[in-house]
Every structure is written in structure tokens, then in C-alpha cells.
Amino acid sequence: MLSGIGEVTAVVSADDSGDGEVEPDDNLRSFGETVKASRKRAGLTQEQLASLIGYSVQYVGSVEQGRRHPSQKFVTKTEAVLDTFGVIDIAAKQLTRRRGLATWFRRWAELEEVAVTLNTYECRSVPGLLQPEAYARALIDSVPPLATPEEAEARVAMRLERQKLLHRVPYALFSFVIEQALIERRTGGPQVTRELIDRLLEWGELPNVDVQIMPLVQPVHAGTDGPFRLLETDEHEWLGYTEGQQTGQVISDPKDISLLHQRYAKLRIQALNPADSTGLLMRMRGSL
């Protein structure tokens, strides 16, 4: 319990501090409330807990208020000091399941987990559900502000974890319409692009996944307003999702959903069919 741990007084280094302060969300708030309740049960102030675990009072306060992702060291030391019988560890594991996802994307990611159908049109980068690790890292390393090593690992790990949805039984049905330009861009270089094409070909062989390529030249294009997604829940409700710079929006209005359905139907017609898309990908692979 508390005996002997009071000798630890050094403040943790920046490398161990976890992410900086972020906009609070429900997951972070829940974890912070768990820490706060456990601290009060132990009869400690924030100052006393901070001294015992070797963190600043400001850090403890930020975690309790849901404004900071806790580092693993913080979780381990707090669990040991407060002796919560694993409650803090469990809460941290639930929090980690969403770490690596942008705050605005988390609600959609939760919906994906219970979807029976998911349709995706992308013109910015190959969708995360289809990204091989090297391609994901190349994307993360390209966009300012550059991620810390810890942040990058969390993002890559989450993208790879989400890809298990493609193999979930019973199968969900996935359709992807992807711009050829995203592959021609050769993000990360030729070797990364080869791996990307190989992965797209692999995913396209799954019985529940259709990958269609929108060719570079397509005079009539229904996706010029930007990328979007459509999802059918396990209760057979359709929802949509659009995303911009630092923002994302889940769409539920029936009129807007109908509009997105119309656009996606056109996109599937305008893109190469899955067989022709496979042929194009193989030719692109051979040219690298």
C-alpha cells in the first residue's frame, strides 16, 4: 500500500509524461473520475498523490479533469499507491482502446465495430482499414505537427487493430472506392507503394470486401464534394460520416443519408469494377 512509496519525489521526465493536454472527451473524463474517486477513498489530496507517484500536481489535476492522456508509468504508480485492486488498470485499458484515434473520429470507430455494411469513398489517402503498417507510418510522418514516437506508435497500433473488423465473423460487407491518384502519389516511396498494392490485392480477395479504383481520367465524377462513408448498424440504421481538417461529423438526417447513398451508387458505377481494379493494381505494381 502506501508504506515506503513516499520516498519517491522526483517529477517524471517529459519523455514519460504521456500526451499533452487535449480536449476532454467521455473516455478521458471517465478515467479521470476513477482516479479522483480512488484518491479520495485513500484520503489523499492531489498534492500528496503527486508527491507519492513522482508527478507534478498539474499533471495529476489534468488527468483527473480528463484533459491529459495518462502515461503507462502514471497508471502503474497510481494503481500501486492507491491499491485499487486493479480498477485503475482496467480503466486505463479501456482508455487505451481509443488512444491513437482522433477525438472527432472515435464515435464513428465505435459504430464501425457493430456495422453490418460499410461503404467508403476516399480521395485523400487510402482508408485506414486497408493501410499496411509502412504506409500508415509514412502518412503519420508526413503531416504537421509531427507526432511523437509514442503518439505515432499508438496511431499505427490502432489502425492495425481496427483492421480485424474485415475478418470479423459474421462478416460485415465492405465496399471501398479509392482514387488511383492516391496510389500514384507513391507515399513513402516505391517499396511502401508495392506493399500497399499487395495489401489492396489481398484485401480485395476477401469474400466480404470490394475494392474499386477510380481511374485518373473520369470526366463525370460524383465525389467531387469530398470523401465520405456510409454505415449500416446491426439495427439496420444507416448513418454517414464526413471529415475535414481536424473535424469529423456523424450524419443521421434521412435526407442527407439519401443524398450520400445516391452519390455512392454513382461512384461505384463510375469506378472500375473489382476485377478491372485488380488488373489495374497489378499493372501499377509491375511498373514500380
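So, here's what we can say about the structure. (Residues numbered from 1 in each chain as written. Predicted model: local features only at pLDDT ≥ 70, side-chain atom pairs only at ≥ 80, totals over all residues. Heavy atoms only, no water.)

## Thoughts on the packing of aromatic side chains
Then, in step 1: For the coordinates displayed, the defined rule picks out eight aromatic pairs.
Then, in step 2: Ring centres of tryptophan 108 and tyrosine 241 lie 5.2 Å apart, and the angle between their planes is 20°; on these two criteria the pair is classed as stacked. Taken together, the residues span a long stretch of sequence, with tryptophan 108 in helix α6 (residues 106-112) and tyrosine 241 in strand β5 (residues 238-244) at a distance of 133 residues. (Phe/Tyr/Trp six-rings, centres within 6.5 Å; stacked < 30°, edge-to-face > 60°. Helix = DSSP H or I, 4+ residues; strand = E, 2+ residues; numbered from the N terminus.)

## Side note on the environment of tyrosine 264
Then, in step 1: Among the structural elements, tyrosine 264 can be located in helix α11 (residues 254-270).
Then, in step 2: Tyrosine 264 has contacts with Asn119, Thr120, Tyr121, Ser175, Phe176, Val177, Phe228 and Leu230, leaving out every residue within four places of it along the chain. (Contact = heavy atoms within 4.5 Å.)

## A word on the pairing of strand β6 (residues 247-251)
Then, in step 1: Here five bridges tie β5 to β6, and the two strands are oriented antiparallel to one another. From the neighbouring strand, glycine 240 faces β6, where its bridge partner is isoleucine 251.
Then, in step 2: In sequence, β5 turns back onto β6 through a hairpin of two residues, with glutamine 246 there showing a positive phi of about 65°. (Pairing = 2+ DSSP bridges.)

## A word on unusual backbone geometry
Then, in step 1: For the bond running from proline 144 to proline 145, omega is -10°, close enough to zero to count as cis.
Then, in step 2: On the secondary structure map, proline 145 appears in the loop between α7 (133-140) and α8 (149-162).
Then, in step 3: Geometrically, the link from valine 169 to proline 170 is a cis peptide bond, its omega value of 0° lying close to zero.
Then, in step 4: One non-glycine residue with positive phi stands out, namely arginine 186, at about 60°.
Then, in step 5: Following the sequence through the fold, arginine 186 ends up in the loop between α9 (180-184) and α10 (190-204).
Then, in step 6: Even without a glycine there, the phi angle at histidine 236 is positive, about 65°.

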